[in-house]
2 protein chains.
Amino acid sequence: MNPFTRIRAKSLRSLGENQLIDEIRGWLGDVNPPAPFGIGDDCAVFAPAKKQQVITVDPVIFGRHFDRRISPEQVGAKLLKRNLSDLAAMGAKPTVAVISLALDAQVSTAWLKAFYIGLAKTARTYSVKIVGGDIAQADQVLVATLTLVGVVSGKRLLFRDGAKIGDSIYVTGQLGGSLESHHVDFTPLLEEGAWLAAEKDVRSMMDVSDGLAKDLRSLTPRGAKPCVRLEHLPVSPAARRAARRSGKAPAHHALSDGEDYQLLFSLAASANRAAFERRWARKFKTRLTQIGLFVDADAKIDGAIDFAALSGYEHLR
Amino acid sequence: MNPFTRIRAKSLRSLGENQLIDEIRGWLGDVNPPAPFGIGDDCAVFAPAKKQQVITVDPVIFGRHFDRRISPEQVGAKLLKRNLSDLAAMGAKPTVAVISLALDAQVSTAWLKAFYIGLAKTARTYSVKIVGGDIAQADQVLVATLTLVGVVSGKRLLFRDGAKIGDSIYVTGQLGGSLESHHVDFTPLLEEGAWLAAEKDVRSMMDVSDGLAKDLRSLTPRGAKPCVRLEHLPVSPAARRAARRSGKAPAHHALSDGEDYQLLFSLAASANRAAFERRWARKFKTRLTQIGLFVDADAKIDGAIDFAALSGYEHLR
């Protein structure tokens, strides 16, 4: 759906700010608590927190993260799910979110309504309150920025830092070809993330958003390198389809496409891998793959992927 | 300063994302704690909070909130101060902030560096940690969105809701003509806001950001209207200068210009106004003016401003 319209009566220009805010309250429904706990005061008020908190921010931008082929409901859902995936990657659960819109007055009211409906539905699914935001006019653009706050789900958070040489590298789900549909229809793995943070042998975690090739670098401890063989990568059917079109190898897509929104984590070398994998399988249907392990940076290993020579998605180019 | 450059070597395009993030860490310095408490993990971690928390978000957009005549240091400072003013308006104090940039790859590195230096200096002044963010490319725009989290400063927060008929209406400072310089060189009134929240007779509060004419509506209780006489408005010298250029009355500028970032609040009718004003004057140099009071909506009062016929800044038009 085209987010823009030249018909004044169908655009935000015909509403004005106060009426638009009233409409947004209606679209969000019970996901937006009454002021001052929701939209309507200088700030939104939210509850004290007994445990450590987390905060993350991610936007969706027309022409960059979505286009006319993506429904506005999916755009709204994606905006929240991108941020939820960041919380999942630390073992946190969401509390409140605010959303800031920078948009052209020619954005269509119908598009924005459907966007908020999609956002609200996703917020309901994951128990997030959308408590406030801002609307500002900007020429010829549509940028929606969501900031999500959360709190530790269990006893601890998992960070990117913490893996040691010898630790196993695991990834959930399958990788690559996300542009086909996964980049909008993925599920943020909040329960999986919280469960992994409660497993004492899991030492570090992140989500795969820029592609394994780039993201795995952030999990790799100093003096180490990942030892991962191509044949161990969980290559998605979508990556294989993308490869038939691009002429590149399916593994290339699995390593570099990005927007996988899977969890990537390290398990201590001393852990009982088989018992760990059984516990996972009893709890989750989500696929789990040990793709390799961290080895000394100087180790010579035939057949391992040369991550130093690969790169994932670069945001500015 | 022009934020954009066509010289590749001077633009963000020449840096790439990872190098840019490293630069930003350097520009922020001690305002950005080490990961996971600052930039570098999936989320930023921040402390538990024993009291109620608040959250607000506001952007600055090139061509809308600033232009080439404003220095990048001032833009960075303004972005944070706009949000701090929202916290001041509730009697809260800041804790952490995240910043999301949607920008063209032709933004100049020198501009962005100065922007972050201005942001960091302001963050240091007001004890805010800049703990994370996001950078995304967007064609021909420069949008910086800051989300600020805070916590109750004293025992309670003040909301827009709470005034009663008969209550006095007060405003800090002077109003109007903000475009001359006040919109960048204002001071967010955090101490004043916290002090007012501790005064039991202060019943409601907000900041004046869209102009008194529009904002006072939000403080007005149901069934009431503000009774404010033109001659009681604290009209700024800048509003008088603006009036000489525009041919409008100085009071028009004081009522409608917006970006005053003053505190507007109500004091209970039963309060000892003289004693209250003396306590204020002992504590603060900031000017305080009782501009009127709330009266029954049906009351007929000669010489009062007709707020129903006025409007402040409309964001979408």
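For the structure itself, consult the block above.
### With respect to helix α7 (residues 237–246) of chain B
Residue and element names in this part refer to chain B.
Then, number 1: Those residues of α7 that fall on the buried side of the exposure criterion are Ala 238, Ala 239, Ala 242 and Ala 243. Viewed end-on, α7 has its buried residues packed into an arc of 140°, placing them on one side of the element.
Then, number 2: Of the surrounding secondary structure, the elements contacted by the buried residues of α7 are α8 (250–256).

### Quick word on the packing of helix α5 (residues 190–198) of chain B against helix α9 (residues 273–283) of chain B
All names here are of chain B.
Then, number 1: Running from N to C, α5 and α9 cross one another at 150°; their axes reach a closest spacing of 12 Å. Put simply, α5 runs roughly antiparallel to α9. Read as a crossing pair, α5 and α9 show a hand that is right-handed. Facing α5, whose interface residues are Glu 192, Trp 195 and Leu 196, α9 presents Phe 276, Arg 279, Trp 280 and Lys 283.

### Comments concerning the interface of chain A and chain B
Then, number 1: In this assembly, 68 residues from chain A lie in contact with 68 residues from chain B.
Then, number 2: For the pairing of chain A and chain B, the buried interface totals around 5400 Å² over both sides, and the portion due to carbon and sulfur atoms is 58%.
Then, number 3: The tally of links from chain A across to chain B stands at eight salt bridges.
Then, number 4: Among the ionic pairs, Glu 17 of chain B bridges to Lys 214 of chain A, the shortest N-O distance being 2.8 Å.

### Observations concerning the pattern of salt bridges
Then, number 1: The tally for this structure, following the rule as stated, stands at 30 salt bridges over all chains.
Then, number 2: Among the charged side chains, a network of salt bridges with common partners joins Glu 17 of chain A together with Asp 210 and Lys 214 of chain B.

### Focus: the nonpolar core
Then, number 1: One finds Leu 112, Phe 115, Tyr 116 and Leu 196 of chain B to be the most contacted residues of the largest nonpolar core, which totals 62 residues.
Then, number 2: Of the residues forming this core, the biggest block, seven residues, is contributed by helix α3 (residues 109–125) of chain B.
Then, number 3: If we skip the residues at most four places from it in the chain, Tyr 116 of chain B touches Ile 24, Trp 27, Leu 28, Ile 99 and Leu 101 of chain B.
Then, number 4: Membership of the second largest hydrophobic core comes to 61 residues, among which are Phe 66, Tyr 116, Phe 265 and Phe 284 of chain A.

### Quick look at the pairing of strand β3 (residues 92–103) of chain A
Residues and elements named next belong to chain A.
Then, number 1: The element β3 is largely enclosed, with a buried count of ten among its twelve residues.
Then, number 2: Here β3 runs beside strand β4 (residues 129–137); their pairing, made up of eight bridges, is parallel. Residue pairing across strands places Val 98 opposite Gly 132, the latter belonging to β4.
Then, number 3: In the classification by handedness, the crossover that spans β3, the intervening helix α3 (residues 109–125) and the parallel β4 is right-handed.

### Considering the sheet that holds strand β6 (residues 168–172) of chain B
All names here are of chain B.
Then, number 1: Spatial ordering of the open sheet is given by β7-β9-β6-β10-β8, a layout of five strands whose pairing is antiparallel. Both outer strands of the open sheet, β7 (202–208) and β8 (224–228), are each paired with one neighbouring strand and no more. In this sheet, neighbouring strand axes are inclined to one another by 25° on average, regardless of whether the strands run parallel or antiparallel.
Then, number 2: One ladder, built from five bridges, connects β8 with strand β10 (residues 288–296); its direction is antiparallel. If you follow Lys 225 over to β10, its bridge partner there is Val 295.
Then, number 3: Packing of helix α6 (residues 212–219) onto the sheet brings it into contact with β6, β7, β8, β9 (262–267) and β10, and relative to β7 it is tilted by some 150°.

### Digging into the sheet that holds strand β8 (residues 224–228) of chain A
All names here are of chain A.
Then, number 1: The strand order across the open sheet formed by five strands is β7-β9-β6-β10-β8, and the pairing between neighbours is antiparallel. Both edges of this open sheet fall to β7 (202–208) and β8, since each of them pairs with a single strand only. Pairwise comparison of adjacent strand axes, ignoring direction, gives a mean angle of 25° for this sheet.
Then, number 2: Taken together, the five bridges between strand β6 (residues 168–172) and strand β10 (residues 288–296) define a ladder with antiparallel strand orientation. Among the inter-strand pairings, Thr 172 is bridged to a residue of β10, identified as Leu 288.

Conventions and cut-offs
- Residues numbered from 1 in each chain as written.
- Chains lettered and ligands numbered in written order.
- Predicted model: local features only at pLDDT ≥ 70, side-chain atom pairs only at ≥ 80, totals over all residues.
- Heavy atoms only, no water.
- Buried < 20%, exposed > 50% of the residue type's maximum accessible area, 1.4 Å probe, protein only.
- Helix = DSSP H or I, 4+ residues; strand = E, 2+ residues; numbered from the N terminus.
- Arc of directions from axis to C-beta.
- Contact = heavy atoms within 4.5 Å.
- Axes fitted to C-alpha atoms, helices over the stretch in contact; angles between N-to-C directions.
- Parallel < 35°, antiparallel > 145°, perpendicular 65-115°, else oblique.
- Left-handed = near helix turned anticlockwise from the far one by under 90°.
- Buried area = accessible area lost by both parts, 1.4 Å probe.
- Salt bridge = Lys/Arg side-chain N within 4 Å of Asp/Glu carboxyl O.
- Core = buried A, V, L, I, M, F, W, Y, C linked by side-chain atoms within 4.5 Å.
- Pairing = 2+ DSSP bridges.
- Right-handed = clockwise from strand over helix to strand, strands pointing away.

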